[in-house]
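Each chain is listed here by its residues.
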Amino acid sequence: MPKTIVVKVGTSTLTDPQGCLDEAFLPVLAGQLCDLMDEGRRVVLVTSGAVRAGVDQLGWTQRPRTVPLKQAAAAVGQGRLMGLYAAAFGARGRAVGQVLLTRQLAQDRPLYVNAQNTLSTLLRHHVVPVVNENDTVAIEELQFGDNDTLAALVSALVHAELLILLTDVEGLLDRERQVIPRVSQITDELRALAGGAGRHGSGGMVTKLTAAEIAGAAGVRTVIARGRRPGVVTEVVRSGNIGTTFTPPARRLRGRKHWLAYGPRPTGSITVNERARRVLIEENRSLLPAGVVAVTGPFAPGESVSLQSEDGEEFARGLASCDWRDAQCLMGVHTTNVAQILGHSDVAEIVHRDNLVVLV
């Protein structure tokens, strides 16, 4: 049975048929999480709904379309949302702690570790972390609303065993609109089955598949289930017979390797020849200049880059040891000639093996 559980609830689950925040549902959800805590489990709640809560509070008749209005609604709604959660958990004698995160935490390793320490401390003191995107400043996140990915990263941060994604459908559906009960590998065919956004949310099944992939790489089992199903959270934890379950693969990434794979977004790409690709995958070696056949920038030293085969397939990610201009100058060059070309010998490899993770 899972000891640490991350539950993500989307806006489509938190709202009523009219699209307004359903204040009566939050105590129902909180009650299920408190039941699990009473059994000795640790729970993290990742929630959407701040913009929706703000729209209701401000009396607006429709969801705002411009970024400043969305940020204003989020600023108003976040306080309202946390107040409702604090009251719902407080009725069961549980304290909550607000944790607002942005994608920047994934870009910056020290910030990532600090978030991990904060969450671990809250859990150790039996506080429920209530996590949300910091929508008042996170412009890009407001554009695609990917709290599913945030929940997957959080599940890796807290070393969870289970991630539950609550949505407005029963699970991942096949072409006959039947729930697929178990998935062992996320294929292109499954991605083709994924639809668009939910009823009142901005995420969708596509982001949930990505979240399951990210969480699975850290050894976390993921379940997609309908959030309004009575007792859904406790039923998933105790029986596991509802929704769609994604089993994690045998090969798992831990700690810094998981962060390298799914934290920083690549700012450029490096294409390598077949020999270099095999060496990187099979021998855990650094990427040397001789194996590079193409460089796409711009990127600076220390920024994430995508490593690709000559047919364009991404097979690894890593942190560049030099900027993209130097990498272009060194394409196909033997290491002994680096100083002659650059005028210095600081660059021994394009990506060091300690800063590289293979994805295949």
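Scroll up for the structure.
It should be emphasised that the depicted structure is a prediction, and the values quoted were computed from it without experimental measurement. (Residues numbered from 1 in each chain as written. Predicted model: local features only at pLDDT ≥ 70, side-chain atom pairs only at ≥ 80, totals over all residues. Heavy atoms only, no water.)

A. Expanded view of the overall build of the protein chain. Of regular secondary structure, the protein chain possesses 15 helices and 13 strands. For the protein chain, the C-alpha radius of gyration of 22 Å lies close to 21 Å, the compact-globule estimate for 360 residues. Considering only C-alpha atoms, the protein chain reaches an extent of 70 × 40 × 40 Å along its principal axes. With 360 residues in all, the protein chain has 51% of them scored as buried. Roughly 15,800 Å² of accessible area belongs to the protein chain as shown, and the carbon and sulfur atoms make up 49% of that amount. Looking at the protein chain, you have 38 positive and 36 negative side-chain charges, and the mean spots of the two groups are 5 Å apart. (Helix = DSSP H or I, 4+ residues; strand = E, 2+ residues; numbered from the N terminus. Rg over C-alpha atoms; globule rule 2.2 N^0.38 Å. Buried < 20%, exposed > 50% of the residue type's maximum accessible area, 1.4 Å probe, protein only. Areas by Shrake-Rupley, 256 points an atom, 1.4 Å probe, with all protein chains shown as cover. Lys, Arg positive; Asp, Glu negative; His and termini not counted. Charge placed at Lys NZ, Arg CZ, Asp CG, Glu CD.)

B. View of the sheet that holds strand E1 (residues 4-9). The eight strands are arranged E3-E4-E2-E1-E5-E7-E8-E6 in an open sheet whose pairing can be described as mixed. This sheet does not close on itself; its edge strands, each paired only once, are strand E3 (96-101) and strand E6 (182-183). Of the strand pairs in this sheet, strand E7 (residues 221-226) and strand E8 (residues 244-246) are connected by three bridges, and their pairing is antiparallel. Directly across from Ile 224, in E8, lies its bridge partner Thr 244. Across the sheet, helix H2 (residues 25-38) lies against E1, strand E2 (42-47), strand E4 (128-133) and strand E5 (162-167), angled at about 160 degrees from E2, the strand it touches most. (Pairing = 2+ DSSP bridges. Contact = heavy atoms within 4.5 Å. Axes fitted to C-alpha atoms, helices over the stretch in contact; angles between N-to-C directions.)

C. Local environment of unusual backbone geometry. Cis rather than trans, the peptide bond between Gly 297 and Pro 298 has omega equal to 5 degrees. Tracing the chain through its elements places Pro 298 in the loop between strand E10 (292-296) and strand E11 (304-308). Positive phi, close to 60 degrees, is recorded for His 126, a residue that is not glycine. For His 126, the location among the structural elements is in the loop between helix H6 (109-124) and E4. Overall, His 126 belongs to the exposed group, its relative accessible area being 57%. Within the chain, Arg 177 stands out as a residue other than glycine whose phi angle is a positive 65 degrees. As for its placement among the helices and strands, Arg 177 is situated in the loop between E5 and E6. The class for Arg 177 is exposed, based on a relative accessible area of 60%.

D. Highlighting the packing of aromatic side chains. Under the criterion given, the structure shown has one aromatic pair. For the pair Tyr 85 and Phe 89, a centre-to-centre distance of 6.5 Å together with 40 degrees between the ring planes defines the contact as tilted. On the criterion of helical spacing, the pair formed by Tyr 85 and Phe 89 is a turn pair, its members being four residues apart in helix H4 (residues 67-90). (Phe/Tyr/Trp six-rings, centres within 6.5 Å; stacked < 30°, edge-to-face > 60°.)

E. Up close: the sheet that holds E11. Spatial strand order, E10-E9-E11-E12-E13: five strands in an open sheet with mixed pairing. Either end of the sheet is taken by a strand with one partner, and the two such strands are E10 and strand E13 (356-358). Here the strands of the sheet are splayed against their neighbours by 20 degrees on average, with no regard to which way each runs.

F. Layout of helix H8 (residues 147-157). For H8, the buried fraction is high: 11 of the 11 residues fall into the buried class. Positive backbone phi, at 55 degrees, marks His 159, one or two positions downstream of H8.

G. Representation of the pattern of salt bridges within the structure. All told, the structure shown has 19 salt bridges when counted by the stated rule. Measuring nitrogen to oxygen at the nearest pair gives 3.0 Å for the salt bridge that ties Arg 228 to Asp 22. Of this pair, Arg 228 sits in the loop between E7 and helix H11 (232-238) while Asp 22 sits in the loop between helix H1 (11-14) and H2, and the two are 206 residues apart along the sequence. Arg 228 gets classed as partly exposed once you look at its relative accessible area, which sits at 32%. With a closest N to O distance of 3.2 Å, Glu 213 and Arg 191 form a salt bridge. Separated by 22 residues along the polypeptide, Glu 213 in helix H10 (residues 205-217) and Arg 191 in helix H9 (residues 188-193) bring together distant segments of the chain. Taking the relative accessible area as the measure of exposure, Arg 191 reaches 30% and is therefore partly exposed. Three or more residues are tied together by salt bridges with common partners; here these are Glu 23, Arg 52, Asp 56 and Arg 80. (Salt bridge = Lys/Arg side-chain N within 4 Å of Asp/Glu carboxyl O.)

None of this, on its own, says anything about what the molecule does.
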